[in-house]
Amino acid sequence: MGLLYVENFDTSKEGFNLQNWCATQDSVGLVYVGNTSGLLQYDGSEWRRVEALGNDIVRALLRDSAGRICVGSRLDFGYLEPDSMGHAKLTSLRDLL
């Protein structure tokens, strides 16, 4: 048994809000955090904002049985898919309501 590894992040440096609502991890190890500043992705060394959601508050994340990341924000909901550059983008389901 070992000690847990804890890493603290300076939010002023990263430019994100202090308030996190939810978190999940995809099948390749990327961490997604629902934050008051939007959806954040962490690859183990760098944080990036998933731009498709802008700065909307993300309050719900879920990895389904197929490994897809489902997202619920204040104004939209859907799932993440890679764009042509391999970056995560939201495929919205809002218009299907």
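The structure presented is a predicted model; accordingly, all values stated were derived computationally and were not measured.

(A) Fine view of the overall build of the protein chain. Within the protein chain one finds one helix and eight strands. Seen in sequence order, the protein chain has helices and strands lined up from the N terminus as α-β-β-β-β-β-β-β-β. Its C-alpha radius of gyration of 14 Å places the protein chain within 12% of the 13 Å reference for a compact globule of 97 residues. Principal-axis analysis of the C-alpha atoms gives the protein chain an extent of 45 × 30 × 25 Å. Burial status across the protein chain gives 34% buried among its 97 residues. Sequence separation of 24 or more characterises 25% of the internal contacts of the protein chain that already satisfy a separation of 6 or more.

(B) Just the packing of aromatic side chains, in detail. Evaluation of the coordinates by the stated rule reveals three aromatic pairs. Taken together, the ring pairs in this structure connect Phe9, Tyr42 and Trp47 into an aromatic cluster. Looking at Arg59, its charged tip hangs above the ring of Trp21, at a distance of 4.3 Å from the centre. Positioned over the ring face of Tyr79 is Arg68, at 4.4 Å from the centre of the ring.

(C) Here's a closer look at the sheet that holds strand 3 (residues 38-42). Taking strand neighbours across the sheet as the criterion, the four strands line up as 1-2-3-4 in an open arrangement whose pairing is antiparallel. Two strands close off the open sheet at either side, each with one partner strand: strand 1 (20-25) and strand 4 (47-49). Ignoring strand direction, the axes of neighbouring strands in this sheet form an average angle of 25°.

(D) The sheet that holds strand 7 (residues 77-82), seen in detail. Taking strand neighbours across the sheet as the criterion, the four strands line up as 5-6-7-8 in an open arrangement whose pairing is antiparallel. This sheet does not close on itself; its edge strands, each paired only once, are strand 5 (58-63) and strand 8 (88-92). Adjacent strand axes in the sheet meet at a mean angle of 35°, parallel and antiparallel pairs treated alike.

(E) Up close: the pairing of strand 2 (residues 31-35). Within strand 2, four of the five residues are buried, which leaves the element mostly enclosed by the surrounding structure. Sheet analysis places strand 1 next to strand 2, joined by five bridges and oriented antiparallel. Residue Asn20 lies in a different strand from strand 2, and its bridge partner there is Asn35. Between strand 1 and strand 2, which pair antiparallel and follow one another directly, the connecting turn spans five residues, one of which, Gly29, has a positive phi of 100°.

(F) Main features of the pairing of strand 5. Sheet topology places strand 5 next to strand 6 (residues 69-73); five bridges connect them, and they run antiparallel. Across the sheet, Leu61 pairs through a bridge with Val71, a residue of strand 6. A loop of five residues connects strand 5 with strand 6, the two strands running antiparallel in sequence, and Gly67 in this loop sits at a positive phi of about 90°.

The rules behind these values
- Residues numbered from 1 in each chain as written.
- Predicted model: local features only at pLDDT ≥ 70, side-chain atom pairs only at ≥ 80, totals over all residues.
- Heavy atoms only, no water.
- Helix = DSSP H or I, 4+ residues; strand = E, 2+ residues; numbered from the N terminus.
- Rg over C-alpha atoms; globule rule 2.2 N^0.38 Å.
- Buried < 20%, exposed > 50% of the residue type's maximum accessible area, 1.4 Å probe, protein only.
- Contact = heavy atoms within 4.5 Å.
- Phe/Tyr/Trp six-rings, centres within 6.5 Å; stacked < 30°, edge-to-face > 60°.
- Lys NZ or Arg CZ within 6 Å of the ring centre and 35° of its normal.
- Pairing = 2+ DSSP bridges.
- Axes fitted to C-alpha atoms, helices over the stretch in contact; angles between N-to-C directions.

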